Amino acid sequence: MKEGKMELIRDGKRLSGRGFEELSSIKIDVGVLKRSDGSCYFELGDNKALAAVYGPREMHPRHFQNAKRAVVKYRYNMAPFSVDDRKRPGPDRRSQEISKVSREALDPVILRELYPKTAIEVYVEVLQSDAGTRTAGINAASVALADAGIPMRDLVSSVAIGKIDGEVVLDMDAKLFQSIRTMDISNRRHCAHFNVIKYY
Amino acid sequence: MYKVVVPGDFISTEVNRAGDGTYVEDGNVYALKYGVVDDRGTIKVVALSGKYMPVNGDVVIGKIVEISFPYWIVDIASPYEARLRKSEFGRGENIDFGNMCEYLDIDDLIVAKVMNVDVMMRIDLALKNEFKMDGVGRLIEVSPTKVPRIIGRSGSMIRLLKDKCNCFIFVAKNGRIWIKGSSADMDLASQTVMKIANEAHTSGLTDRVAHFLDSFKSEKG
């Protein structure tokens, strides 16, 4: 047991040379897709995600319309070439769940009641994956929504958090994932105090 | 100089002056949209993009997408479809199910006024006096948030465009712009409109556009 254990932390840093709270490099490009209402290309280390926002536009099918507010549709999709082994294309249980939690991260900041009966569609394509694609996707989607001119209370930021040898670390590397438990959180600072917000 | 903000950015503590595109929380004014801050009068955030939301009295350019007696369904570049009632043609006209398309057919473009927007976002249109566009000239579409810039303060920009391009230019509130003139004039006009739309968030735009039009003219002549 003992001899099989890997050394994961050296001199207060991770093996990749990053400190516990140090993120890998970030790159953000806005307005990369001409035909969308808002778009963003987001890189977090080796995670690469592309988000496109369409709308608010008419909701189809009609019976999914909400008479009081806009409906946010979120589609997270991984490209077949985004991982080392080919990912079987198309939606699966994993991507459906990620789509749902990502939508719930963005829902509370969008002023959906300003656009009744419409749909705001967010499409996130993961082009390259290195653990934490959903967080890259949420960040990309949030910037793309702002680019589309959609009224929001704040930009949503998102980062993966894990534990290495008892130390809480931000933005983990895929190589370490097999032996380590992780979880994702999204910035939900606004959820707690919704009803006090006034807007004009 | 314009200050660019993104959603959630702190703008000011003057809660009483908070206007469009902002929200108030804990005694501070924050931005609701990605855009530029305008703090003459109330503090507003003028968005750089976004969809057209119809307001009573707006004059818009619409396209007939469907005929559904007694309405024409009109696309006004907004998340919602608008309706035009057959009675807009006056009582004297005998319009019925069969001959509606003789008055306005699918794909026809019209100039119309937004008469009423209800809570269910049903939009009623009224025809303007010269409503038919008859396929003359060109239609270009920009983001409706750029319309105030294309018109300019008290119409300065649009006057400049009309003078220098020698065109009939009509800017509708929903971001559709109708240009009529000779082919070369229309080319210049649409190019200039696109330039204004792309640089809408910068200051001193009217002067730059005037310079652009002059340099173009001198190149040709």
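Residues numbered from 1 in each chain as written. Chains lettered and ligands numbered in written order. Predicted model: local features only at pLDDT ≥ 70, side-chain atom pairs only at ≥ 80, totals over all residues.

A. Structural view of the interface of chain A and chain B. With 26 residues of chain A at the contact, the number on the chain B side is 22 residues. Contributions of two or more residues to the side of chain A that touches chain B are made by β5 (47-58), α2 (133-147) and β11 (198-199) of chain A. Counting residues per element, the side of chain A that touches chain B draws most heavily on β5(A), at 4 residues. (Contact = placed C-beta atoms within 7 Å. Helix = DSSP H or I, 4+ residues; strand = E, 2+ residues; numbered from the N terminus.)

B. Seen up close, helix α1 (residues 93-106) of chain A. All names here are of chain A. The end-to-end C-alpha separation of α1 is 20 Å, in line with the 20 Å expected for 14 residues at 1.5 Å each. Within the sequence span of α1, burial applies to I98, S99, S102, A105 and L106. Along the axis of α1, the buried positions cluster into a sector of 125 degrees, meaning they face one direction only. Turned more than 90 degrees from where α1 packs its buried face, R93, Q96, E97 and K100 sit exposed. (Expected span 1.5 Å × (residues − 1). Buried ≥ 20, exposed ≤ 12 C-beta atoms within 10 Å, placed from the backbone. Arc of directions from axis to C-beta.)

C. Structural context of the nonpolar core. Counting 92 residues, the largest nonpolar core has A51(A), L106(A), V122(A), A140(A), A144(A) and L145(A) as the members making the most contacts within it. When sequence neighbours within four positions are dropped, the list of residues in contact with A51(A) reads S39(A), C40(A), V122(A), Y123(A), V124(A), G137(A), A140(A), A141(A) and A144(A). (Core = buried A, V, L, I, M, F, W, Y, C linked by C-beta atoms within 7 Å.)

D. Broad picture of the domain arrangement of chain B. Here the domain parsing of chain B yields domain 1 (3-47), domain 2 (59-132) and domain 3 (138-220). Computed from C-alpha atoms alone, the centre-to-centre distance between domain 1 of chain B and domain 2 of chain B is 37 Å. (Domains from an automatic or database assignment.)

E. Examining the sheet that holds strand β11 (residues 123-132) of chain B more closely. Residues and elements named next belong to chain B. Here 5 strands make up a closed barrel; going around it, the order is β7-β8-β9-β11-β10 and the pairing mixed. Geometrically, the sheet is characterised by an average inter-axis angle of 55 degrees between neighbouring strands, direction not taken into account. Two strands pair when backbone bridges link them, and strand β10 (residues 109-117) and β11 are joined in this way by 6 bridges, in the antiparallel orientation. Looking at the pairing, V117 lines up with I123 of β11. (Pairing = 2+ DSSP bridges. Axes fitted to C-alpha atoms, helices over the stretch in contact; angles between N-to-C directions.)

F. Structural detail: the environment of I158(B). Residues and elements named next belong to chain B. Within the element layout of this structure, I158 appears in helix α3 (residues 156-165). Judged by the 18 C-beta atoms lying within 10 Å of it, I158 is partly exposed. The sequence separation of I158 and I169 amounts to 11 residues, and the corresponding C-alpha distance is 7.9 Å. With near-sequence residues (within four places) excluded, I158 lies in contact with I150, I151, G152, I169 and V171.

G. Local environment of the sheet that holds strand β13 (residues 168-171) of chain B. All names here are of chain B. If you walk across this open sheet you meet the 3 strands as β12-β14-β13, and the pairing is antiparallel. Unpaired on one side and paired on the other, β12 (138-141) and β13 mark the two borders of the sheet. Across the sheet, the mean angle separating the axes of adjacent strands is 20 degrees when strand polarity is ignored. Here β12 pairs with strand β14 (residues 176-180) via 4 bridges, running antiparallel.

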